[in-house]
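# Structural overview for review
Residues per chain are reported as follows:
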Amino acid sequence: MLEIISQHEFTKQGNDCLIEDCIVWMKCHDKHIVMNIRRYSGWCDNGLDFRDRKEFDDPKDAYNYYLDMVDNKGVI
């Protein structure tokens, strides 16, 4: 079963496009997964860009990584 624990979305302007990031912390098959899913809206829209993804056994480690991703706007 997939459980979304937390997510944070933000946007920023790029060159002739809008950059949308969704940082997601989820649990699936007893693993905690934190990832950044990016979309460029505009002339360069090629669908979703699955950027950073990391798996954790310990939810505290996943939480800390999630907070770092959110604080750094998806760039680690």
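Everything here concerns the structure above.
### Re the side chain of R38
Following the sequence through the fold, R38 ends up in strand 3 (residues 31–42). Separated by 2.8 Å, the side chains of R38 and D21 make a polar contact. Side chain to side chain, R38 and Y40 meet in a polar contact 3.4 Å long. Not counting chain neighbours up to four residues away, the residues in contact with R38 comprise K12, I19, E20, D21, G47, L48, D49 and R51.

### A word on the nonpolar core
Among the nonpolar cores identified, the biggest contains 10 residues, and these are F10, I23, W25, V34, F56, A62, Y65, Y66, M69 and V70. For this core, the secondary structure elements donating two or more residues are strand 2 (17–28) and helix 1 (59–71). When residues in this core are grouped by element, the largest group, 5 residues, is from helix 1. V24, C28, M35 and I37 belong to the second-largest nonpolar core, a separate cluster that totals 7 residues.

### Overview of the sheet that holds strand 3
Strands sit in the order 1-2-3-4 across an open sheet of 4 strands; the sheet is antiparallel. Edge strands, defined here as strands with exactly one partner in the open sheet, are strand 1 (2–13) and strand 4 (48–56). This sheet shows a mean twist of 15° between the axes of neighbouring strands, independent of strand direction. For strand 1 and strand 2, the ladder comprises 11 bridges, and the chain directions are antiparallel. Among the inter-strand pairings, K12 is bridged to a residue of strand 2, identified as I19.

### Examining the packing of aromatic side chains
By the definition in use, this model includes 3 aromatic pairs. Aromatic side chains W25 and Y66 sit 6.0 Å apart centroid to centroid with 40° between the ring planes, which places their arrangement in the tilted category. Of this pair, W25 sits in strand 2 while Y66 sits in helix 1; the two residues are 41 residues apart in sequence, bridging distant segments of the chain. No difference in accessibility class separates W25 from Y66, as the two residues are buried. Residues F56 and Y65 carry aromatic rings whose centres are separated by 5.5 Å and whose planes lie at 50° to one another, so their mutual orientation is tilted. The exposure class assigned to F56 is buried, which follows from its relative accessible area of 11%. Cluster of aromatic residues (ring-pair linked, three or more members): W25, Y63 and Y66.

The rules behind the values
- Residues numbered from 1 in each chain as written.
- Predicted model: local features only at pLDDT ≥ 70, side-chain atom pairs only at ≥ 80, totals over all residues.
- Heavy atoms only, no water.
- Helix = DSSP H or I, 4+ residues; strand = E, 2+ residues; numbered from the N terminus.
- Polar contact = N/O pair within 3.5 Å; in protein donor to acceptor, adjacent residues only side chain to side chain.
- Contact = heavy atoms within 4.5 Å.
- Core = buried A, V, L, I, M, F, W, Y, C linked by side-chain atoms within 4.5 Å.
- Buried < 20%, exposed > 50% of the residue type's maximum accessible area, 1.4 Å probe, protein only.
- Pairing = 2+ DSSP bridges.
- Axes fitted to C-alpha atoms, helices over the stretch in contact; angles between N-to-C directions.
- Phe/Tyr/Trp six-rings, centres within 6.5 Å; stacked < 30°, edge-to-face > 60°.

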